[in-house]
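Now for the letters of each chain:
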Amino acid sequence: MGEKNLEIALIKYNKKTWCKSGLLGVIIGLAIIVPGISGSTVAIIFKLYDQFLYALGNLFKQFKRCFAFLLPIGLGIIVGLIVGFFAVQKLLDLLPFAVVGLFAGLMAGAFPAVKDEIKGAERTKKRVALFIVGLLVPIAVGIFSALFSSSGDTGVNKFDQVAWYHIPASLFIGYLLGITQIAPGLSASAILMAVGWFSSLVDGVSLSYFQENPAIFLVYGGLAVGLILSVLTFSKFLTFVFNKARQTAYTLIVGLSLGSIVSMFCNGDIVEVYARWAQSGIVWWDLLLGVGLFAVGVVGSYLLVRYQRKKDLEEAIKTQE
């Protein structure tokens, strides 16, 4: 395919679509805090994934056009991070299984929208293998995060004394976090748990801690730089891959998305909940609320998928006319 085929039309914003992109940004921001959430999966549901990748990969080449598209998403990410750190994280402390159940239900109900991307694709050995790999990767990351969380949580913040090796490590980990925001099905929080940084980073978000340990900004800065470099480079790579073999690439993504739903119930945070239940007894109201919210999330999310399918069909009919 020629270079011209790489051009992707970015959405022209009105009030409704601007808010839609802002909501996507909020969910991407939340994805860093809530284990298992994938902002990229939501981008697929919103029919903004290809445009999101293209705008990130061509930000400097077509700055004005791409920046205008990314602006509401960027603002939403900031809101999502703030809400995630100061609200969702508190809810996770109070109702961990219920919160995870709600978000898992939302992801499960939206899964058909991701699967739609490979509708009619030939089931080759290569695609089946990619699906299996995609399915297992987030589950494996979740299991590793559970192992690291249960074995390495000492209750001491790792960044009370920031060492020199934390800086290059933060750049590398930030790059991995960027990939989780681009590749659907991967969880940023699960990566942070796997390396044993999640609790220390979240617990360190307070004015008093910043005053006592200002060196932690070097770690946050390294993570931010690594993440930015990742989204700018990896997004361009994925755009190229989709242009060459879209359905084959999406077979992997379908596996990643399905695996991420499973990993929400198997990661460092939720395993600690299971351990507390094993020691002190099941918190039934949290469990039952989680099951109920999972069902609500599935139904609500799937209704959104059906609405989007209907809208896409109507637009396709208008185009043919």
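Residues numbered from 1 in each chain as written. Predicted model: local features only at pLDDT ≥ 70, side-chain atom pairs only at ≥ 80, totals over all residues. Heavy atoms only, no water.

### Some points on the overall build of the protein
Going by this rule: The numbering of helices and of strands both runs from the N terminus, where a helix is a DSSP run of H or I of at least 4 residues and a strand a run of E of at least 2. Note on method: radius of gyration uses C-alpha positions; expected globular size equals 2.2 Å times residues raised to 0.38. Using a 1.4 Å probe on the protein chains alone, a residue whose accessible area is under 20% of its type maximum counts as buried, one over 50% counts as exposed, and one in between counts as partly exposed. Residue contacts follow a heavy-atom distance rule, with two residues in contact if any of their heavy atoms lie within 4.5 Å. All accessible areas in this document rest on Shrake-Rupley with a 1.4 Å probe, and a residue is counted as covered only by the protein chains that are shown. Only four residue types enter the tally: Lys and Arg on the positive side, Asp and Glu on the negative side, with His and both chain ends excluded. Charge coordinates come from a single atom per side chain, which is NZ of Lys, CZ of Arg, CG of Asp or CD of Glu.
Along the backbone of the protein there are 13 helices and zero strands. Each helix (α) and strand (β) of the protein, taken in turn from the N terminus, gives the series α-α-α-α-α-α-α-α-α-α-α-α-α. Relative to its length of 321 residues, the protein is compact, with a C-alpha radius of gyration of 20 Å against a globular reference of 20 Å. Counting the 321 residues in the protein, one finds 47% classified as buried. Considering only intrachain contacts with a sequence separation of at least 6, the fraction spanning at least 24 residues in the protein is 82%. Surface accessibility of the protein: about 16400 Å² in total, with carbon and sulfur atoms responsible for 71%. Looking at the protein, you have 26 positive and 18 negative side-chain charges, and the mean spots of the two groups are 11 Å apart.

### Description of the pattern of salt bridges
Keep this limit in mind: Any Lys or Arg side-chain nitrogen found within 4 Å of a carboxyl oxygen on Asp or Glu counts as a salt bridge.
In the structure shown here, the tally under the stated rule is three salt bridges. Among the ionic pairs, Arg246 bridges to Asp50, the shortest N-O distance being 2.7 Å. Taken together, the residues Arg246 in helix H11 (residues 216-263) and Asp50 in helix H3 (residues 49-57) connect sequence positions 196 residues apart. Residue Asp116 pairs with Arg309 through a salt bridge whose shortest N-O separation is 2.8 Å. Here Asp116 is found in the loop between helix H5 (96-115) and helix H6 (125-152), whereas its partner Arg309 is found in helix H13 (residues 284-320), with 193 residues between them in sequence.

### Focus: the environment of Gly142
Along the chain, Gly142 turns up in helix H6. Linking Gly142 and Cys266, residues 124 residues apart in sequence, is a C-alpha distance of 5.6 Å. Residues within four places of Gly142 in sequence aside, it is in contact with Cys266, Asn267 and Gly268.

### Re the nonpolar core
Condition: Definition of nonpolar core: a set of buried residues of the types Ala, Val, Leu, Ile, Met, Phe, Trp, Tyr and Cys, connected through side-chain atoms within 4.5 Å.
Counting 57 residues, the largest nonpolar core has Leu24, Tyr49, Phe52, Phe69, Leu70, Ile182 and Phe242 as its most contacted members. The biggest single contributor to this core is H11, with eleven residues. Among the nonpolar cores identified, the runner-up in size contains 16 residues, and Ile32, Ala188, Ile216 and Val219 belong to it.

### Here we look at the side chain of Asn213
Of note, Asn213 is situated in the loop between helix H10 (207-212) and H11. Aside from chain neighbours lying at most four places away, what touches Asn213 is Phe159 and Asp160.

### Notes on the packing of H3 against H11
Worth spelling out the cut-off: Helix axes use the C-alpha atoms of the stretch in contact, all axes being lines fitted to C-alpha atoms, and the angles between their N-to-C directions lie in the range 0 to 180 degrees. These descriptions rest on fixed angle ranges, namely under 35 degrees for roughly parallel, over 145 for roughly antiparallel, 65 to 115 for roughly perpendicular, and the rest for oblique. Take the far helix as the reference: if the near one is turned anticlockwise from it by less than a right angle, the crossing is left-handed, and if turned clockwise, right-handed. Three classes are used: nonpolar for Ala, Val, Leu, Ile, Met, Phe, Trp, Tyr, Cys and Pro, charged for Asp, Glu, Lys and Arg, and polar for all others, with Gly counted as polar.
Between H3 and H11, whose axes approach to 6 Å, the crossing angle comes to 150°. For the element pair H3 / H11, the angle class is roughly antiparallel. Here the hand of the crossing between H3 and H11 comes out left-handed. For the pair formed by H3 and H11, the contact residues are Tyr49, Asp50, Leu53, Tyr54, Leu56 and Gly57 on the first element and Val231, Leu232, Ser235, Lys236, Leu238, Thr239, Phe242, Arg246, Tyr250 and Ile253 on the second. Along the lines of polarity and charge, the residues of the contact of H3 with H11 split into ten nonpolar, three polar and three charged.

### What to know about the packing of aromatic side chains
Heads up, the rule is: Only Phe, Tyr and Trp rings take part, Trp by its six-membered ring, and two of them pair if their centres are within 6.5 Å. Stacked means planes under 30 degrees apart, edge-to-face means over 60, and tilted covers everything else. By definition, being over a ring means that NZ of Lys or CZ of Arg is both within 6 Å of the ring centre and within 35 degrees of the ring normal.
This structure, assessed with the given rule, holds 13 aromatic pairs. Residues Tyr49 and Tyr250 carry aromatic rings whose centres are separated by 6.4 Å and whose planes lie at 75° to one another, so their mutual orientation is edge-to-face. Here Tyr49, found in helix H3, pairs with Tyr250, found in helix H11; they are 201 residues apart in sequence, far enough to count as distant. Counting every residue linked through ring pairs, the aromatic cluster contains Phe97, Phe265, Tyr274, Trp277 and Phe294. One residue, Arg246, lies across the ring of Phe242, its end atom 5.9 Å from the ring centre.

### Concerning the environment of Ile11
Turning to its location among the elements, Ile11 is positioned in the segment before helix H1 (15-31). When the C-alpha atoms of Ile11 and Leu207 are compared, they prove to be 39 Å apart, with 196 residues separating the residues in sequence. In contact with Ile11, other than residues within four places in its own chain, are Thr17, Leu48, Gln51 and Phe69.

### So, the confidence of the model for the protein
What counts is decided by this rule: The pLDDT value expresses, per residue, how confident the predictor is, ranging between 0 and 100.
The predicted model of the protein has a mean per-residue pLDDT of 82, with 91% of residues at 70 or higher. Least confident of the elements in the protein is helix H8 (residues 188-194), whose mean pLDDT is 71; most confident is helix H7 (residues 166-182), at 88. The low-confidence segment residues 1-5 (pLDDT under 50) makes three contacts with residues lying over four places distant or belonging to another chain.

### With respect to H11
For clarity, the cut-off: For a helix, the expected span equals 1.5 Å multiplied by the number of residues minus one. What we call the bend at a residue is the angle made by axes fitted to the seven residues finishing there and the seven residues starting there.
For H11, with 48 residues, the first-to-last C-alpha span of 29 Å runs short of the 70 Å given by 1.5 Å per residue. Ala245 marks where H11 bends most, by close to 120°.

### Some words on H13
The terminal C-alpha atoms of H13, which comprises 37 residues, lie 54 Å apart, in line with the 54 Å expected from a rise of 1.5 Å per residue. Buried residues in H13 make contact with H1, helix H2 (39-45), H5 and helix H12 (268-280).

### Points about the environment of Leu238
If you trace the backbone, Leu238 turns up in helix H11. Residue classification places Leu238 among the buried residues on the basis of a relative accessible area of 11%. On a C-alpha basis, the gap between Leu238 and Leu53 in space is 7.4 Å, while along the polypeptide they are 185 residues apart. If we ignore the near neighbours within four places in the chain, the residues touching Leu238 are Tyr49, Leu53 and Ile182.

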